[in-house]
Amino acid sequence: MGYALSSAFNEAATAVAFAPIVNMPLNLLSGYMINLKNIYEHSPQRYIAWLEYVSPVRYGFTALCVLQFPVTDDEETTKLTEKVLDDYGLTGKSYWACFGMLVVLFIVFRALVVVSLACQDRGKTKGMTDTRNQDI
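As the structure is a computational prediction, the values presented were derived from the model and not from experiment.

A. Representation of the overall build of the chain. Each helix and strand counted, the chain has six helices and zero strands in total. Each helix and strand of the chain, ordered N terminal to C terminal, gives the series α-α-α-α-α-α. Relative to its full complement of 136 residues, the chain shows a buried share of 24%. Considering only contacts within the chain whose residues lie at least 6 apart along the sequence, 61% involve residues at least 24 apart.

Listed below in structure tokens is the structure:
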């Protein structure tokens, strides 16, 4: 995501100033600062709740929670695990689904970098003549 943000701007200062504006909502909607289970019940949060699905932090946090609190054969441990995962709104989540989404987001953000750099390159080369290898 950092590459995608930095490639979208021509100036480094602009990218650095814009990064917190993008990263803060994605971090807030990852699940460890705001309970995602109740986010759809409140009016202001309902309109930005869709951002949780493009947050790499959400999928990383969910994968770590699922690995940290595995379902076991022990009844007491299973009850505790289900309670913790339910409190965070992570019941029924899969580690491999989260890992797969992280890979998908990685590919999407890298594709955005390629598109962004291609658009910037096209804009710079319009109207310019090709001066390569003219000395030969």
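More follows now that the structure is in view.
B. Region of the structure containing the layout of surface pockets. Counted as a void, the largest pocket has a volume near 240 Å³. Lining the largest pocket are 13 residues, and of these Met 1, Leu 5, Val 22, Phe 109 and Leu 112 lie nearest its centre. Mapped by element, the contributors of at least two residues to the lining of the largest pocket are helix H1 (2-7), helix H2 (12-28) and helix H6 (95-125). In terms of residue count, the dominant contributor to the lining of the largest pocket is H2 (four residues).

C. Looking closely at the nonpolar core. Membership of the largest hydrophobic core is limited to seven residues, which are Ala 4, Tyr 59, Ala 63, Cys 98, Leu 105, Phe 109 and Val 113. Mapped by element, the contributors of at least two residues to this core are helix H4 (56-68) and H6. Once you skip the residues sitting within four places of it in the chain, Ala 63 turns out to touch Tyr 95 and Cys 98. By size, the runner-up hydrophobic cluster in this structure holds six residues, among which are Leu 26, Leu 36, Ile 39 and Leu 51.

D. Summary view of the pattern of salt bridges. A full pass over the atoms with the stated rule returns three salt bridges. A salt bridge links Arg 58 to Glu 52; the shortest N-O distance between them is 3.0 Å. For Arg 58, a relative accessible area of 8% corresponds to the buried category. For Glu 52, a relative accessible area of 3% translates into the label buried. For Glu 75, the salt bridge identified is with Lys 79, shortest N-O distance 3.5 Å. With Glu 75 and Lys 79 both in helix H5 (residues 75-87), this residue pair falls four residues apart, about one helical turn. The same class applies to Glu 75 and to Lys 79, which are both exposed.

E. Looking closely at the state of the cysteines. In the structure shown here, the tally under the stated rule is zero disulfides. Counting only cysteine sulfurs, Cys 98 is the nearest neighbor of Cys 65, a cysteine outside any disulfide, at a range of 9.6 Å. A relative accessible area of 9% means that Cys 65 is categorised as buried. A relative accessible area of 5% means that Cys 98 is categorised as buried.

Scoring rules and cut-offs
Residues numbered from 1 in each chain as written. Predicted model: local features only at pLDDT ≥ 70, side-chain atom pairs only at ≥ 80, totals over all residues. Heavy atoms only, no water. Helix = DSSP H or I, 4+ residues; strand = E, 2+ residues; numbered from the N terminus. Buried < 20%, exposed > 50% of the residue type's maximum accessible area, 1.4 Å probe, protein only. Contact = heavy atoms within 4.5 Å. 1 Å grid on protein atoms, 1.4 Å probe; cavity = no way out; pocket = protein on both sides within 12 Å on 5 of 7 lines; lining within 4 Å. Points joined across faces, edges and corners; volume = space filled by probe spheres on them. Core = buried A, V, L, I, M, F, W, Y, C linked by side-chain atoms within 4.5 Å. Salt bridge = Lys/Arg side-chain N within 4 Å of Asp/Glu carboxyl O. Disulfide = S-S within 2.5 Å.

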